[in-house]
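# Secondary and tertiary structure notes
Residues per chain, in single letters:
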Amino acid sequence: MDPVRAVKGMYDVLPEDSIKWQRVEAAFARTAALYGFREMRTPLLEPTRLFVRTVGEATDIVEKEMYSFAHHDEELTLRPEGTAGAARAYVEHHVHAKEAVTRWYYLGPMFRAEKPQRGRYRQFSQAGGEIFGDPGPGCDAEMIDMLVGFLKAIGVPGVEVLVNSIGSGDTRQRFRDALRAHFEPKKALLSEDSQRRLETNPLRILDSKDPRDVDASKDAPTILEHLSAEDRAHFDGLRSLLDALGIAHKVDTRLVRGLDYYTRTIFEIKGATQKLGAGNTLVGGGRYDNMIAELGGPSVPAIGFAAGLDRLLIAAEPAGAAAVVDAFVAPLGAAAMGPALVLARELRDKGVSVEADTRGASLKALLRRANSLGARLVLILGEGELGRGVVTLKDLAGHAQEELPKDRAVAIVTDRLAAAGAVRREEPSS
Ligand code: AMP
């Protein structure tokens with residue numbers, strides 16, 4: 001039989017890497033909690049119409065990237081992003097009636113059938129957050145502040161913040177008309193996709209990476225010229241708050257973002273990395289003040305963001321291999337197995353991570369295994385040790401070897417590891 005491989009554009013995370021994922025996810029959860037965000041989780045499957053209505057019919061995601069299927073009489077889609085599901089949950093659970101402002105964060109896999117390349121996958125993970133009930137721009141600035149802090153904390157080099165306003169209500173329509181008027185005479189020069197976008201969603205032409213579209217967009221009108229006075233004040237407010245927070249940012253008038261639901265503030269955060277090529281956008285976000293009402297809820301303003309964890313891990317190069325365990329317990333001979341397992345459990349009860357040999361391997365093989373796990377200490381229990389009521393302790397860093405009274409072994413090992421600053425993966429529960 002042909003070997004079975006992972007689905008194209010999807011990949012496994014093995015333990016050497018999952019430790020990096022855990023650190024970045026924990027750093028995100030910690031930062032989000034500091035800013036008052038609480039975790040929420042939504043199903044991976046949602047009704048297809050949720051994304052059609054929110055993300056928008058004429059977007060790349062809905063037009064060609066969704067994993068959608070019919071199951072009996074339901075049209076379902078594997079979620080391509082997290083905001084729509086969070087907004088659906090907000091409406092479904094009448095959250096607006098319980099609190100004036102809601103700050104939620106989430107972590108998890110998203111699915112888009114894109115052309116796979118480095119930093120672009122068909123299953124990827126996002127860390128996202130939403131604030132419902134606050135029209136901004138204070139919370140818009142705070143969200144960006146939180147993200148900049150998080151990216152710096154995990155070691156992303158050259159964090160760059162880009163902001164724009166996409167206006168609201170009439171602004172959007174006026175801008176669409178202005179763009180159509182600009183591109184119509186150049187229609188033949190546009191890519192095939194953008195010729196179509198001219199009818200369906202001319203904003204997306206600004207978002208295109210195709211050189212023909214980039215060229216035709218050079219002298220295109222900018223949305224900032226079309227903002228209403230209120231939208232303008234909101235955008236200026238955001239910028240001055242970012243200044244107050246000391247967050248350097250650039251206005252990118254071509255920033256439109258690939259989803260339809262945005263209003264007013266939109267932003268992206270990039271990192272200075274060669275490793276992601278053109279796809280170096282690490283975080284995308286923006287305001288979506290109309291979505292809650294469009295989903296059948298009350299009129300509640302909202303803003304959200306999503307950071308691509310796969311890309312963050314590439315950009316941040318988090319430090320690798322930590323020790324798998326602190327100590328290794330090596331029984332020599334069948335009679336030592338029981339006492340060795342008891343000793344291992346006593347150490348674990350004190351918060352020391354331990355692997356005990358349960359194979360009956362030779363001393364040489366045991367030491368090789370202990371080394372490969374990064375264990376600092378090896379506790380050897382052979383027949384001689386059992387008879388004398390001792391344990392042989394071998395320090396793999398200092399290569400010293402000594403005998404410890406068995407009833408003092410746990411306390412001594414715990415002290416030694418603490419003094420050596422050995423990594424504790426978890427605090428002991430008592
Ligand atoms: P979006 O939901 O398209 O605004 O994307 C937000 C962030 O998710 C992007 O800035 C990327 O970091 C990440 N992202 C989006 N699509 C992918 C993908 N196909 N593979 C990996 N990361 C992605």
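Look up: the structure comes first, before these words.
Residues numbered from 1 in each chain as written. Predicted model: local features only at pLDDT ≥ 70, side-chain atom pairs only at ≥ 80, totals over all residues. Heavy atoms only, no water.

This part takes up the overall build of the protein chain. Looking only at helices and strands, the protein chain has 16 helices and 16 strands in total. In summary, the protein chain has a C-alpha radius of gyration of 28 Å against a globular reference of 22 Å for 430 residues, an excess of more than 25%. Its C-alpha atoms give the protein chain principal-axis dimensions of about 95 × 55 × 45 Å. Taking all 430 residues of the protein chain together, 50% fall into the buried category. (Helix = DSSP H or I, 4+ residues; strand = E, 2+ residues; numbered from the N terminus. Rg over C-alpha atoms; globule rule 2.2 N^0.38 Å. Buried < 20%, exposed > 50% of the residue type's maximum accessible area, 1.4 Å probe, protein only.)

Taken together, 14 residues lie near the ligand, and R112, E114, Y121, Q126 and R257 sit nearest. One of the side-chain nitrogen or oxygen atoms of R112 is found 2.8 Å away from an oxygen atom of the ligand. Within the contact set of the ligand, an oxygen atom lies 3.0 Å away from a side-chain nitrogen or oxygen of Q126. Sorting the residues of the shell around the ligand by element identifies β6 (123-132), β10 (281-287) and β11 (302-308) as the ones contributing at least two each. With 3 residues, β10 is the single largest residue contributor to the shell around the ligand. (Near = heavy atom within 4 Å. Polar contact = N/O pair within 3.5 Å; in protein donor to acceptor, adjacent residues only side chain to side chain.)

Helix length check: helix α1 (residues 15-34) (20 residues) gives 28 Å between terminal C-alpha atoms against 28 Å at 1.5 Å per residue, within 8%. Those residues of α1 not exposed but buried are K20, W21, V24, A27, F28, T31 and A32. Buried positions in α1, seen along its axis, are confined to an arc of 130° and lie on one side of it. Those residues of α1 that are exposed and angled more than 90 degrees off the buried face are P15, R30 and L34. In this structure, the buried side of α1 is in contact with β5 (102-111), β6, α5 (138-153), β11 and α12 (309-316). One or two residues past the end of α1 sits G36, with phi positive at roughly 80°. (Expected span 1.5 Å × (residues − 1). Arc of directions from axis to C-beta. Contact = heavy atoms within 4.5 Å.)

A word on the packing of α1 against α12. Running from N to C, α1 and α12 cross one another at 105°; their axes reach a closest spacing of 11 Å. Overall, the two elements α1 and α12 adopt an arrangement that is roughly perpendicular. Residues K20, W21, V24 and E25 of α1 form the contact with α12, whose participating residues are L309, D310 and L313. Tallied by class, the residues present in the contact of α1 with α12 amount to 4 nonpolar, no polar and 3 charged. (Axes fitted to C-alpha atoms, helices over the stretch in contact; angles between N-to-C directions. Parallel < 35°, antiparallel > 145°, perpendicular 65-115°, else oblique. Nonpolar A, V, L, I, M, F, W, Y, C, P; charged D, E, K, R; others polar.)

Within strand β9 (residues 263-270), 8 of the 8 residues are buried, leaving the element largely enclosed by the surrounding structure. Bridge count between strand β7 (residues 160-165) and β9: 6 bridges; the pairing is antiparallel. Of the residues in β9, the one forming a bridge with L162 is E268. Two strands pair when backbone bridges link them, and β9 and β10 are joined in this way by 6 bridges, in the antiparallel orientation. By the bridge assignment, K270 is partnered in β10 with T281. (Pairing = 2+ DSSP bridges.)

Right, let's get into the packing of aromatic side chains. Counted by the stated rule, this structure contains 10 aromatic pairs. A connected cluster of aromatic rings, assembled from ring pairs, spans Y90, W104, F132, Y261, Y262 and Y288. (Phe/Tyr/Trp six-rings, centres within 6.5 Å; stacked < 30°, edge-to-face > 60°.)

Time to look at the pattern of salt bridges. Applying the stated criterion across every chain yields a total of 29 salt bridges. Between R41 and E39 there is a salt bridge whose closest N-O contact spans 3.1 Å. Take R41: its relative accessible area is 71%, and that puts it in the exposed class. Linking R204 and D207 is a salt bridge whose minimum nitrogen-to-oxygen distance equals 3.1 Å. You can see R204 and its partner D207 sitting in helix α8 (residues 203-207), 3 residues apart, about one turn around the helix. When its relative accessible area of 8% is taken as the criterion, R204 is described as buried. Connected through shared salt-bridge partners, D60, E63, K64, D193, R196, R197, R204 and D207 make up one network. (Salt bridge = Lys/Arg side-chain N within 4 Å of Asp/Glu carboxyl O.)

Attention now moves to the side chain of R287. By the element assignment, R287 lies in strand β10. Taking relative accessible area as the criterion, R287 reaches 0% and is therefore assigned buried. In this structure the side chain of R287 is engaged in a polar contact, spanning 3.0 Å, whose partner is the backbone oxygen of D134. Within the local environment of R287, its side chain forms a polar contact with the side chain of D289, the two groups lying 2.8 Å apart.

If you trace the 8 strands from one edge of the open sheet to the other, you get β1-β5-β6-β11-β10-β9-β7-β8, paired in mixed fashion. Where the open sheet ends on each side, the last strands, each with one partner, are β1 (38-39) and β8 (250-251). Across the sheet, α1 is in contact with β5, β6 and β11; its angle to β5 comes to roughly 160°.

Before going further, it helps to examine the environment of Q126. Considering the arrangement of structural elements, one finds Q126 in strand β6. On a C-alpha basis, the gap between Q126 and E81 in space is 7.9 Å, while along the polypeptide they are 45 residues apart. With near-sequence residues (within four places) excluded, Q126 lies in contact with E81, G82, Y106, L107, G108, M110, R112, A306, A307 and L309.

What follows deals with the nonpolar core. In globular proteins that are soluble, nonpolar side chains generally tend to be buried together. Judged by nonpolar contacts, the single largest core of 88 residues is most densely connected at F132, I144, F183, F267, V283 and L312. Counting residues per element, this core draws most heavily on α5, which supplies 9 residues. If near-sequence neighbours (up to four positions away) are discounted, F132 is found in contact with A86, A87, Y90, A100, V101, T102, W104, Y288, I292, V300, P301 and A302. By size, the runner-up hydrophobic cluster in this structure holds 21 residues, among which are A327, A340, L393 and I412. (Core = buried A, V, L, I, M, F, W, Y, C linked by side-chain atoms within 4.5 Å.)

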